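Topology and contacts: notes
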Amino acid sequence: MRSDYYKKIEKYLYHLFEPEVLVQEVRDYYIARMNVSKTTWLKGQNSMENQIAKLMDSKQLKEIKIWLEFLKDTLAFYKIEKPRFYGFIRLKYLRKRSDEDIQSVMKLDKKKFKELKNEVIGSIYIRAVLNGIVKKR
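The present account deals with the structure reproduced in this document. (Residues numbered from 1 in each chain as written. Predicted model: local features only at pLDDT ≥ 70, side-chain atom pairs only at ≥ 80, totals over all residues. Heavy atoms only, no water.)

1. With respect to the packing of aromatic side chains
Evaluation of the coordinates by the stated rule reveals 8 aromatic pairs. Residues F77 and Y78 carry aromatic rings whose centres are separated by 5.8 Å and whose planes lie at 50° to one another, so their mutual orientation is tilted. Overall, Y78 belongs to the buried group, its relative accessible area being 0%. Three or more aromatic residues joined by ring pairs form one cluster here, namely Y14, F88, Y93 and F113. Over the ring of F77 we find R127, and its NZ or CZ is 4.3 Å from the ring centre. (Phe/Tyr/Trp six-rings, centres within 6.5 Å; stacked < 30°, edge-to-face > 60°. Buried < 20%, exposed > 50% of the residue type's maximum accessible area, 1.4 Å probe, protein only. Lys NZ or Arg CZ within 6 Å of the ring centre and 35° of its normal.)

As structure tokens, this is what we get:
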């Protein structure tokens, strides 16, 4: 698995029930690119109207929606089929507990904690590939 997918999965898990944070990042990106001078408005380059249209049609917003729905379904699946994964995700990403707290609650040492984390993220990645969310290269 590429590191960018690892980071993306973690980011989406951290904000699973706070999608407005992810949406605001996309909005901020388009606002930063906006140029409101008269010349650009007349030429139609990066004007406010163009940036709003790009934002409304943004692939990034569609991707966020797809990933969040997928992760919620995965979380429901893990709750029934893989309770250890579910417990880890709940503590680490939803409750945002520290690594030490998770290690003590789940009775893991640092090595086992890291292995479990990689296994959980890897499992989510494989499910994403199987569901067609991630294109395998």
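2. Some thoughts on helix α8 (residues 110-130)
Over its 21 residues, α8 runs 30 Å from end to end, which matches the ideal 30 Å to within 8%, given 1.5 Å per residue. Of the positions making up α8, those classed as buried are F113, L116, K117, V120, I121, G122, S123, I124, Y125 and A128. On its buried side, α8 packs onto α1 (3-14), α5 (59-81), α6 (83-94) and α7 (99-106). G132 occupies a position one or two residues after α8 and carries a positive phi of about 80°. (Helix = DSSP H or I, 4+ residues; strand = E, 2+ residues; numbered from the N terminus. Expected span 1.5 Å × (residues − 1). Contact = heavy atoms within 4.5 Å.)

3. A word on the pattern of salt bridges
Using the criterion set out here, one finds 6 salt bridges in the structure. Ionic pairing is found between K8 and E63, a salt bridge with its closest N-O pair at 2.9 Å. With K8 in helix α1 and E63 in helix α5, this pair connects stretches of sequence that are 55 residues apart. Residue K8 is classed as partly exposed on the basis of its relative accessible area of 24%. Of the residues examined, E63 reaches a relative accessible area of 30% and is grouped as partly exposed. (Salt bridge = Lys/Arg side-chain N within 4 Å of Asp/Glu carboxyl O.)

4. As for α6
Listing the buried residues of α6 in full gives F85, Y86, G87, F88, I89, L91, K92 and Y93. Looking at the packing, one finds that the buried side of α6 touches α1, α5, α7 and α8. Residue K96 follows α6 closely and has a positive phi angle near 55°.

5. A word on the side chain of S123
Following the sequence through the fold, S123 ends up in helix α8. In contact with S123, other than residues within four places in its own chain, are Y78, K82 and F85.

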